[in-house]
Every structure is written in C-alpha cells, then in structure tokens.
Amino acid sequence: MNVRHFLRDDDLAPDELLEVLDLADAMKADRHRHRPLTGPRSVALIFDKQTLRTQLSFAVGVSELGGQPVVIDGRLAGIGVRESIADITRVLSRQVAAIVWRTYAQEQLAEMAALSPVPVVNALTDSFHPCQILADLQTIREHKKRLAGLTLAYLGDAANNMSHSYLLGGAAAGLHVRVAGPDGYRPDPAIVAAARQIAARTGASVTVTDDPATALDGADVVATDTWVSMGQEDQAAEREAPFRRYALDAAALGKAAPDAIVLHCLPAYRGKEISAEVIDGPQSVVWDEAENRLHAQKALLTWLLEHG
Ligand code: NVA
C-alpha cells in the first residue's frame with residue numbers, strides 16, 4: 001500500500017510540506033476551483049474529544065472540495081470498546097476517501113493507518129496536532145513573507161501536542177524553534193531528537209529551555225496554548241502555579257521582536273496562558289490562523305489523495 005497518511009508533522013518531508021502550503025495559498029486565493037472530491041466522495045471525521053475549529057474546517061473544507069463530510073461521534077461508535085480499531089477501519093475504508101480522527105493515543109491512529117487503504121489524518125492526539133501547524137505555517141508565511149530563518153517561541157506546556165508539532169513542523173519549515181516550559185512539562189526527548197535531525201537538513205534549530213525570556217528574545221513569532229489540554233482536566237489545579245511564569249502578557253511579548261506576531265490555536269483562556277491585551281491586540285493573528293485551518297486542510301486532503 002503506498003497510501004500516504006498524516007499522523008505526525010514529519011510524515012511530510014520538508015519539500016512536501018512546502019507543496020502543501022503552496023496549494024493552501026492557491027486554494028485560499030481561489031476558494032472553489034479545486035474539487036477533487038466531486039462525485040461526491042465522502043470523508044469520515046471522527047471525534048473522541050471536543051472540537052469546534054477542527055470539525056468546522058474539515059466539514060466546510062470537504063464540502064468545498066466537492067465531497068460529503070460524515071461526522072462520527074467517537075463515543076457513539078465506541079472505537080476500541082464496542083468494536084476493534086481494525087474492524088472499524090475495514091468498514092470505514094470501504095466507503096470513504098479518507099479518515100480524519102481526533103483521539104487520545106497516537107498509537108491508536110498508527111494502528112488504523114497500518115490497516116487503512118485510504119489516507120488517515122491526525123485531527124489531534126495527545127502527542128501531535130499537525131493540521132494546526134500547517135495552518136500556523138501558512139499564517140506565518142502570509143504575515144512574514146517567508147518561513148526559513150524566522151524564530152518561533154512557544155511558551156507553556158512544552159510536553160503537549162502543540163509543542164511537539166511546532167518542534168517537528170517548525171524544523172521542517174526551517175524555523176528556529178524555541179520551546180519554554182517548566183520542569184516536568186518538557187517535550188518528549190525522542191521528538192526533540194527527531195526535530196534536531198530535520199533541522200540539520202533544513203538549516204533550522206531547536207532550543208528547549210525553562211526560561212521564557214530565552215525563548216522570547218527577539219522572536220519573530222510567539223505562540224502559546226492552554227495549560228490544560230483535553231483529557232487533563234483533573235490536573236487543572238496543580239498546573240496553575242508552575243505555568244504562571246510562562247503567561248504571554250504584554251511584558252513577555254515585549255521581549256520578542258517589535259513586529260512579532262502572536263499565534264494561539266484556540267480555545268484561549270484570557271488571564272491564564274495569554275492576556276486579553278495580547279490576544280485581542282494588534283500583534284495577534286489568531287483569527288487568520290483559525291481561518292487557515294480550512295485552506296491548509298483542504299490542501300492536505302487534496303495532496304494526500306493525489307499522492308496515494
Ligand atoms: N493542547 C490543546 C490543543 C487544543 C486545540 C489540547 O490538546 O486540548
């Protein structure tokens with residue numbers, strides 16, 4: 001099976017990543033021209049966790065590509081509980097052109113992909129959020145007119161899916177990626193090592209630190225994310241104190257380049273990981289970033305279907 005999946009950011013080589021981003025720009029410029037799913041062909045969108053942007057942008061995107069989105073509530077389907085991942089994959093792949101799945105363990109997604117004759121796309125796991133990083137890279141390039149050589153600082157939960165995806169996807173795009181988080185919330189060393197290997201090929205670099213000022217110093221792009229990811233709700237209280245130092249407020253943003261842009265994948269908790277002044281301020285590009293989920297994912301689906 002030479003089908004291509006997108007389970008983590010490094011499933012696209014650096015040159016392939018740029019192809020997808022170029023296609024995303026073309027699709028944004030001419031929104032209804034590309035219709036590879038006309039027929040229509042259907043795409044399964046499975047959600048085991050909460051969603052707004054991901055369900056919206058994939059459903060709208062599949063429709064705009066000429067296809068039919070089929071949203072499946074993972075709790076109703078009982079994946080891995082009522083039926084095995086293998087059986088569900090066999091059933092779905094007989095009827096849909098691609099499977100988009102938001103779930104907990106990355107291993108579940110890998111198990112599906114190993115069996116699936118149609119592309120499987122990671123719509124967020126505990127480990128990665130690669131579709132978000134495609135949209136973020138498209139947004140950075142729109143505002144900064146380039147990617148390679150820019151510095152991106154990510155503050156907060158450096159052990160979470162966004163941190164891991166910034167490391168891999170940012171390195172592939174040639175960014176100098178700096179992630180800052182407290183003790184106990186640093187990225188998986190295997191992912192840092194993988195990012196460093198990619199960086200060695202693209203001219204990027206990877207810095208992991210506990211010091212937010214080191215990460216922010218002169219950065220072109222500043223990103224943060226919730227301190228409590230989906231599935232971690234029972235840890236909310238214990239996470240508050242260690243993360244406070246990593247809050248992205250006006251003083252922190254002042255350490256970045258004067259024309260730095262601010263990213264946040266949303267939902268945002270104003271007064272926690274980001275101040276209202278910053279997310280609602282002139283350097284924030286979060287609404288462009290949210291819109292670009294649509295264009296980037298349309299491009300990704302199109303690319304995967306063409307390369308399968
Ligand atoms: N790290 C967050 C991202 C939400 C889009 C989470 O997993 O909940």
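Position numbers for residues start from 1 in each chain and track the written sequence from start to end. Local features in this predicted model are restricted to residues of pLDDT 70 or higher, and side-chain atom pairs are both shown and tallied only at a pLDDT of 80 or more, whereas totals for entire chains, interfaces and linings draw on every residue.

Caption draft 1: The overall build of the protein chain, seen in detail. For the purposes of this entry, the term helix denotes a DSSP run of H or I that reaches at least four residues, the term strand denotes a run of E that reaches at least two, and both are numbered from the N terminus. Within the protein chain, the regular secondary structure consists of 13 helices and nine strands. Our radius of gyration looks at C-alpha atoms and nothing else; its globule reference is 2.2 Å times the residue count to the power 0.38. Computed over its C-alpha atoms, the radius of gyration of the protein chain comes to 19 Å, within 12% of the 19 Å expected for a compact globule of 308 residues. Viewed in the frame of its principal axes, the protein chain has a C-alpha envelope of about 55 × 40 × 35 Å. Counting over 308 residues, the protein chain shows a buried share of 50%. Here the contacts in the protein chain between residues at least 6 apart in sequence split such that 75% fall between residues at least 24 apart. Residues with at least 20 other C-beta atoms within 10 Å of their own are called buried, those with 12 or fewer are called exposed, and the rest are partly exposed. The C-beta atoms themselves are positioned from the backbone. By definition, residues are in contact whenever their C-beta atoms, placed on the basis of the backbone, come within 7 Å of each other.

Caption draft 2: View of the site of the ligand. Around the ligand lies a shell formed by Leu124, His129, Asn160, Asn161, Met162, Asp225, Thr226, Ser229, Met230 and Cys265. Charged residues are taken to be Asp, Glu, Lys and Arg, nonpolar residues to be Ala, Val, Leu, Ile, Met, Phe, Trp, Tyr, Cys and Pro, and polar residues to be all remaining types, Gly included. In the shell around the ligand, the residues fall into four nonpolar, five polar and one charged. The criterion for a residue being near a molecule or strand is a backbone-placed C-beta atom within 6 Å of that molecule or strand.

Caption draft 3: Main features of unusual backbone geometry. Along the chain, glycine 39 connects to proline 40 via a cis peptide bond; the corresponding omega equals -10°. Tracing the backbone through its elements, the reader meets proline 40 in the loop between helix H1 (14–29) and strand S1 (42–47). Here the residue pair leucine 266 and proline 267 is connected by a cis peptide bond, since its omega of 5° sits within 30 degrees of zero. Following the sequence through the fold, proline 267 ends up in the loop between strand S9 (261–264) and helix H12 (276–279). Positive phi values are uncommon outside glycine, yet lysine 145 reaches one of about 65°. Take lysine 145: it is sitting in the loop between helix H6 (130–144) and strand S5 (151–155). A positive phi angle, close to 70°, is found at leucine 266, a residue other than glycine.

Caption draft 4: Summary view of the sheet that holds S5. One bridge is not enough; two strands pair if DSSP finds at least two bridges between them. Strand order in the open sheet made by the five strands is S7-S6-S5-S8-S9, with parallel pairing throughout. Two strands bound the open sheet, and with one partner strand each, they are strand S7 (205–209) and S9. Each neighbouring strand pair of the sheet contributes to a mean axis angle of 20°, computed without reference to strand direction. Strand direction decides the pairing type here: strand S8 (residues 221–224) and S9, joined by four bridges, are parallel. When the sheet's bridge partners are listed, valine 222 is paired in S9 with valine 262. Lines fitted to the C-alpha atoms define the axes, with helices restricted to the stretch that makes contact. Angles between their N-to-C directions range from 0 to 180 degrees.

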